[in-house]
Amino acid sequence: MIHTVPAAYEGPGLPVDLDEAAHRCLVAGFDGTASVPHTLKRLIDRGLGGVILFTRNVRDAEQVRRLTDELRAIRPDLLVAIDNEGGGIGHLVSAGAPDVPGNFALGVVDDTELTGRCADALAGHLATLGITASYAPVADLQHHPDNPIVRTRSFGADPELVARHLRAWITATEARGIASCAKHFPGHGGTVTDSHHDTAVDPRPYEALLPDLDAFRAAIAAGVPMLMSAHVVFPALDANRPATLSRRILRDLLRDELGFEGVLVSDALEMKAIADRYGEAAGARIALAAGADQVIVAVPDLETTLACRDAVLGALRTGALPEERVREAAGRVRRLAERYATPAGPGTIAGWDAEAGPEAARRAVRARPARRPVSGAHVVDLFPPPHPALNWGGEDLLTEVRAVDPTASGTAVTGEPADPEALVAGILRWAEGRPLIVATYDAGLHPWQARLREALLARRPDAVRVSTGLPEDGDHVCSYGRGRVNLRAAAEALAGS
């Protein structure tokens, strides 16, 4: 195969092996379920290190396996990855993903054998689809009560608890031949900003960051092959740049002090913490120079990926990005691909425990001991719209309550209503003569939920309060997550089934 540099590039061409090394440092998202776009084929042919799949690439299990086979037919050492955390965070529902709760519920149960069974189910399913890299588990500690992005994605706030569940998850995933990835180094749990939307800052002093680092030390000790960086500024570590772009954090801390030798991948460069301040292309160049081995460009518009690629190639030509840095990064990616790029044959993959997830969700649910079962209730489920990047699918509590109690009725409210007073009046009318259940999802972060809940409780103090995120004072039932299996477990607890 002859590799050439397109005439559109300015300046001299690069040696073929260096051009390929630069492409290995990229992970690209794309659009479509049935075929590989021509531009993506050319990138893969040039050495593209990996692709990341999203819901937009998933129709059903058979289709996903055809797509991953087609991708690897272009280049067998291509890594095919996906975010696969479990709970409400995932993209494979329509492909039959196993139902498992999110990490916080697993931490509440604190049974590492059960966490391993849940991770095994997710990894086994990935293997059947030909996906061999999973950007999970989350290693962040959930510190700040107003953190908007980690929350139930974390195993908890205790570094020792988080460490033992990371070990269980990583070990189970590795046993399936799937590459796991602990994220978001050095921790996203101490921020009050979602780095998808703006620059996030963790202002704590260095000593306060040590428990977060201990969680990542545990992941490294467990043999995790990948870590993902956080788009978070840590003034105690580097006051000028977010971790993804910081040599002090990626090289001095992660490589030299913590001794991580695997692949360090950036979080997606189109997130506003990077894109708005630096731009994706400059972000790619700076991240690789700082010590990242791969950068993710998750948007389906491949022009953004090409711009990032061109910035890297241009920096190599001018010497702004050292050749040895790119070759070092590409070498790590190449070794990762040697271990994980080739999927197991569909007929060789052992089954998994489909009951692990429901068991974990049921054991996680916390209900007040004196609370009686509720039947024939009117369920009010308050929750925000799905996060566009994480693809929590908008599952609702009413559906799960009606699955165990067909006499239930209800109202799902997926955003701040235009006329709250009219909504409250309508709910009270519909719920007249019936038990009332009021469920919120992190109402402290979404004041409209708290206002609606308080307006309903003022008229119906007998209402049963449910939290489907982190627990709040006054809850009767808490599911510790909004995944379908979490909501079903809460519904069972409410109905006494």
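Right, let's walk through the structure included here. (Residues numbered from 1 in each chain as written. Predicted model: local features only at pLDDT ≥ 70, side-chain atom pairs only at ≥ 80, totals over all residues. Heavy atoms only, no water.)

The next point concerns the overall build of the chain. Helix and strand counts for the chain stand at 17 helices and 17 strands. A globule of 497 residues ought to have a C-alpha radius of gyration of about 23 Å, and the chain, at 23 Å, matches this closely. When its C-alpha atoms are laid out on the principal axes, the chain stretches across 80 × 50 × 40 Å. Taking all 497 residues of the chain together, 60% fall into the buried category. For the chain, the proportion of contacts with a sequence separation of at least 24, taken over those separated by at least 6, is 79%. (Helix = DSSP H or I, 4+ residues; strand = E, 2+ residues; numbered from the N terminus. Rg over C-alpha atoms; globule rule 2.2 N^0.38 Å. Buried < 20%, exposed > 50% of the residue type's maximum accessible area, 1.4 Å probe, protein only. Contact = heavy atoms within 4.5 Å.)

The next thing to look at is the packing of aromatic side chains. Applying the stated criterion to the full structure yields 3 aromatic pairs. Ring geometry for Phe 104 versus Tyr 480: centroids 5.9 Å apart, planes at 15°, classification stacked. Taken together, the positions of Phe 104 in helix α4 (residues 103–109) and Tyr 480 in the loop between β17 (477–478) and α17 (484–495) put the pair 376 residues apart, joining distant regions of the chain. For the pair formed by Phe 104 and Tyr 480, the shared burial category is buried. Measuring from centroid to centroid gives 6.3 Å for Phe 155 and Trp 169, while their planes differ by 70°, and the two rings are edge-to-face. With a gap of 14 residues between them, Phe 155 in the loop between β4 (133–134) and α6 (159–175) and Trp 169 in helix α6 connect regions that are remote in the sequence. (Phe/Tyr/Trp six-rings, centres within 6.5 Å; stacked < 30°, edge-to-face > 60°.)

Let us look at empty space enclosed by the protein. Applying the stated rule across the entire model yields 1 cavity of 30 Å³ or more. One number sums up the size of the largest cavity: a volume of about 40 Å³. The set of elements that each furnish at least two residues to the lining of the largest cavity consists of α5 (112–129) and α6. Broken down by element, the residue count for the lining of the largest cavity peaks at 4 residues, all from α5. Tallied by class, residues from the lining of the largest cavity come to 5 nonpolar, 3 polar and no charged. (1 Å grid on protein atoms, 1.4 Å probe; cavity = no way out; pocket = protein on both sides within 12 Å on 5 of 7 lines; lining within 4 Å. Points joined across faces, edges and corners; volume = space filled by probe spheres on them. Nonpolar A, V, L, I, M, F, W, Y, C, P; charged D, E, K, R; others polar.)

Here we take up the state of the cysteines. For the structure shown, the criterion picks out 0 disulfides. Summary of cysteine pairing: Cys 25 is not part of a disulfide, and the nearest cysteine sulfur, belonging to Cys 308, is at 12 Å. Note on Cys 181: no disulfide assigned, nearest cysteine sulfur contributed by Cys 25 at a separation of 15 Å. Residue classification places Cys 181 among the buried residues on the basis of a relative accessible area of 0%. (Disulfide = S-S within 2.5 Å.)

Every second residue of strand β2 (residues 50–53) is oriented toward a common face, with Gly 50 and Ile 52 on one face and Val 51 and Leu 53 on the other, all of them buried. Inspection of the sheet shows strand β1 (residues 26–28) paired to β2 by 2 bridges, in the parallel sense. Its bridge partner being in β2, Val 27 is matched across the sheet by Gly 50. Sheet topology places β2 next to strand β3 (residues 79–82); 4 bridges connect them, and they run parallel. By the bridge assignment for β3, Gly 50 is matched with Leu 79. (Pairing = 2+ DSSP bridges.)

Our focus in this paragraph is the layout of surface pockets. Within this model, the largest pocket holds a volume of roughly 570 Å³. Lining the largest pocket are 30 residues, with Pro 148, Ile 149, His 387, Leu 390 and Tyr 441 sitting closest to its centre. A class-by-class count of the residues in the lining of the largest pocket yields 12 nonpolar, 12 polar and 6 charged. Computed from the structure, the second largest pocket encloses a volume of approximately 480 Å³. As for the second largest pocket, its lining consists of 29 residues, and the residues nearest its centre are Phe 54, His 196, Ala 268, Glu 270 and Ala 389. Contributions of two or more residues to the lining of the second largest pocket are made by β5 (181–185) and β10 (263–268). Per-class residue counts for the lining of the second largest pocket are 14 nonpolar, 9 polar and 6 charged.

Looking now at the environment of Ala 360. Mapped onto the elements of the fold, Ala 360 is located in helix α13 (residues 356–364). Counting along the chain gives 260 residues from Ala 360 to Val 100, while the straight-line C-alpha distance between them is 7.5 Å. In contact with Ala 360, other than residues within four places in its own chain, are Pro 101, Leu 106, Val 109, Leu 114 and Cys 118.

Right, let's talk about the pattern of salt bridges for a bit. For the coordinates displayed, the defined rule picks out 42 salt bridges. For the salt bridge of Asp 212 with Arg 204, the shortest nitrogen-to-oxygen distance reads 3.3 Å. Using a relative accessible area of 1% as the deciding quantity, one classes Asp 212 as buried. Residues joined by salt bridges that share partners form a network here, namely Asp 111, Glu 113, Arg 117, Asp 353, Glu 359 and Arg 363. (Salt bridge = Lys/Arg side-chain N within 4 Å of Asp/Glu carboxyl O.)

The geometry of helix α1 (residues 16–24) relative to helix α11 (residues 302–318) is characterised by a closest axis approach of 10 Å and an angle of 140° between their N-to-C directions. Judged on the interaxial angle alone, α11 and α1 are oblique. α11 is crossed by α1, and the crossing has right-handed handedness. Mapping the contact onto sequence places Leu 18, Asp 19, Ala 22 and His 23 in α1 and Arg 309, Val 312, Leu 313 and Leu 316 in α11. For the contact of α1 with α11, the class distribution of residues is 5 nonpolar, 1 polar and 2 charged. (Axes fitted to C-alpha atoms, helices over the stretch in contact; angles between N-to-C directions. Parallel < 35°, antiparallel > 145°, perpendicular 65-115°, else oblique. Left-handed = near helix turned anticlockwise from the far one by under 90°.)

Moving on, we get to the nonpolar core. Core analysis: the biggest nonpolar cluster contains 102 residues, and Leu 40, Leu 48, Leu 71, Ile 131 and Leu 227 have the highest contact counts within it. Per-element tally for this core: the top contributor is α5, with 8 residues. The contact partners of Leu 227, leaving out residues within four places of it in the chain, are Cys 181, Ala 182, Phe 216, Ile 220, Leu 254, Phe 260, Val 263, Leu 264 and Val 265. Ile 52, Ala 81, Met 226 and Ala 341 belong to the second-largest nonpolar core, a separate cluster that totals 22 residues. (Core = buried A, V, L, I, M, F, W, Y, C linked by side-chain atoms within 4.5 Å.)

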